[in-house]
Amino acid sequence: MTEWNSATTPDLTGKVIVVTGGSRGMGLAMAKGAHAAGATVIVLARDSARLATVVAEAEAAGARVQAIAADLADDAMRDDAFAQIIADHGRIDGLVNNAGVTKVAPSIDYALADLRRILEVNVTAVFACSQAAARAMPEGGSIVNTASLSSFIGQPERAAYVASKTAVLGLTRALAVEWGERGIRVNAIAPGYIETDLTGDLLRRGVLDRGAIEGRTPVRRFGRSDDVVGATLFLLSDASSFISGATLSIDGGWLANGYFR
């Protein structure tokens with residue numbers, strides 16, 4: 001029974017948390033949030049120069065974050081990264097599968113090489129990282145996958161991305177069912193339109209219409225990277241110990257809104 005003064009807020013003290021795609025945007029915000037919640041944080045990303053900047057900024061702020069450069073679609077690099085994490089920390093308590101790529105292009109002309117790359121990063125690497133983390137969770141743990149609004153809707157010129165993010169939801173449910181007896185919970189977050197380098201580029205190119213998006217979003221704004229942090233920490237923490245196989249939309253109500261002005 002919950003006591004009046006028991007703690008139910010996300011607390012990651014002493015936990016080892018791995019964040020993929022953690023060098024910028026939502027992933028960096030998640031890494032910062034996990035550190036602030038008491039976790040030992042390891043960030044994986046491809047851009048070694050950007051990772052070095054992240055580490056320098058963290059150290060300047062008095063924080064310690066381990067960074068490992070790896071292309072998670074490369075089997076050897078991914079395996080080496082997780083081997084290093086296990087050698088350094090002995091276990092993993094939480095994994096955030098946030099790394100992802102996309103390409104906007106007409107489906108009739110879409111190169112199969114681009115499709116394969118998106119599926120490798122957004123689906124295969126999510127499974128492989130989850131598998132590696134699960135093997136290092138002897139006492140259970142939590143995995144949070146980054147899905148998307150695109151997991152639920154069709155979008156023009158984004159066929160590969162939509163397919164990959166839809167697959168993330170199926171993978172989340174399947175692993176949650178299979179690994180529950182191991183004490184491993186698997187959930188997903190589905191961010192909406194968040195201010196990131198990617199959305200900024202799409203807005204500048206006219207692929208996205210800020211007015212139309214904000215007009216459909218009940219809270220009338222784009223999300224910020226920090227908006228995904230609370231939900232992610234909650235799902236990583238023991239505060240969500242009976243939640244598994246779920247997907248939490250973080251979209252300002254965009255999906256719920258069927259009313260168009």
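Per chain, residues are indexed from 1 in the order of the written sequence. The predicted nature of this model means local features are confined to residues of pLDDT at least 70 and side-chain atom pairs, given and counted, to a pLDDT of 80 or more, with totals for whole chains, interfaces and linings taken over all residues. As a rule here, side-chain values cover all heavy atoms of the structure and leave hydrogens and water aside.

Asks: Looking at this model, I keep getting lost on the layout of surface pockets. Mind explaining?
Replies: To find leftover empty space, one rolls a probe the size of a water molecule over the atoms. Here the largest pocket defines a volume of roughly 1,100 Å³. The distinction between a cavity and a pocket rests on a 1 Å grid over the protein atoms alone: a 1.4 Å probe fits inside a cavity but cannot get out, while a pocket stays open yet meets protein on both sides within 12 Å along at least five of seven lines, and a residue with an atom within 4 Å of a point counts as lining. Along the wall of the largest pocket there are 44 residues; nearest its centre are N98, G100, V101, T196 and L198. Strands here are runs of E lasting at least two residues and helices are runs of H or I lasting at least four, both read from the DSSP assignment and numbered beginning at the N terminus. Mapped onto the lining of the largest pocket, the elements with two or more residues apiece are α1 (25–36), β2 (40–45), α4 (112–135), α5 (159–179) and α6 (197–204). In terms of residue count, the dominant contributor to the lining of the largest pocket is α6 (4 residues). Classifying every residue of the lining of the largest pocket by side-chain character gives 19 nonpolar, 16 polar and 9 charged. Estimated volume of the second largest pocket: approximately 260 Å³. If you go around the second largest pocket, you meet 16 residues; those closest to its centre are K15, E139, G140, G141 and D238. Grid points are joined across faces, edges and corners, and a volume is the space filled by probe spheres set on the points. Three classes are used: nonpolar for Ala, Val, Leu, Ile, Met, Phe, Trp, Tyr, Cys and Pro, charged for Asp, Glu, Lys and Arg, and polar for all others, with Gly counted as polar.

Asks: Sorry, what's going on with the pattern of salt bridges here?
Replies: Should the charged atoms of two oppositely charged side chains come close, the side chains can pair. The salt bridge criterion pairs a side-chain nitrogen of Lys or Arg with a carboxyl oxygen of Asp or Glu, the two atoms within 4 Å. Under the criterion given, the structure shown has 11 salt bridges. Between D47 and R24 there is a salt bridge, and its shortest N-O distance comes to 3.4 Å. Placement of the pair is D47 in the loop between β2 and α2 (48–60) and R24 in the loop between β1 (16–20) and α1, with a sequence separation of 23 residues. In this scheme, a residue with accessible area under 20% of its type's maximum is buried, one over 50% is exposed, and one in between is partly exposed, where area comes from a 1.4 Å probe on protein chains only. Relative accessible area serves as the criterion here: at 34%, D47 is assigned to the partly exposed category. What emerges from the salt-bridge pattern is a single network uniting R24, D47 and D197.

Asks: Can you walk me through the sheet that holds strand β4 (residues 94–97) in this structure?
Replies: By definition, the strands of a sheet pair up through backbone hydrogen bonds, in either a parallel or an antiparallel sense. In this scheme, strands are said to pair when DSSP sees at least two bridges between them. With respect to topology, 7 strands assemble into an open sheet ordered β3-β2-β1-β4-β5-β6-β7, the strand pairing being parallel. A strand with exactly one partner marks an edge of an open sheet, and here the two such strands are β3 (65–69) and β7 (247–250). Across this sheet, the average inter-strand angle for adjacent strands is 20 degrees, counted without regard to direction. Note that strand β6 (residues 184–191) and β7 share 4 bridges and pair parallel. What sits directly across from A190, in β7, is S249. Orientation is described by lines fitted to C-alpha atoms, with helices fitted over the stretch in contact, and by angles between N-to-C directions that extend from 0 to 180 degrees.

Asks: Looking at this structure, I do not really get empty space enclosed by the protein. What am I missing?
Replies: Taken as a whole and assessed by the stated rule, the structure comprises 1 cavity of 30 Å³ or more. Taken as a whole, the largest cavity spans an internal volume of roughly 40 Å³. The wall of the largest cavity is formed by T20, L72, N97, A99, V121, A125, V126 and C129. If you tally residues by element for the lining of the largest cavity, the top one is α4, at 4 residues. When grouped by side-chain class, the residues that make up the lining of the largest cavity number 6 nonpolar, 2 polar and no charged.

Asks: What is the right way to look at the side chain of Q155 in this model?
Replies: Relative to the assigned elements, Q155 resides in the loop between β5 (141–146) and α5. Of note is the side chain of Q155, whose polar atom sits 2.3 Å from the side chain of S150. Residues contacting Q155, with those up to four places away along its chain left out, are S150, V162 and Y193. Polar contacts, as counted here, are pairs of nitrogen or oxygen atoms within 3.5 Å of one another; within protein the pair requires one atom able to donate a hydrogen and one able to accept it, and residues that are adjacent in sequence qualify only if both atoms are side-chain atoms. For this analysis, residues touch if any pair of their heavy atoms sits within 4.5 Å.

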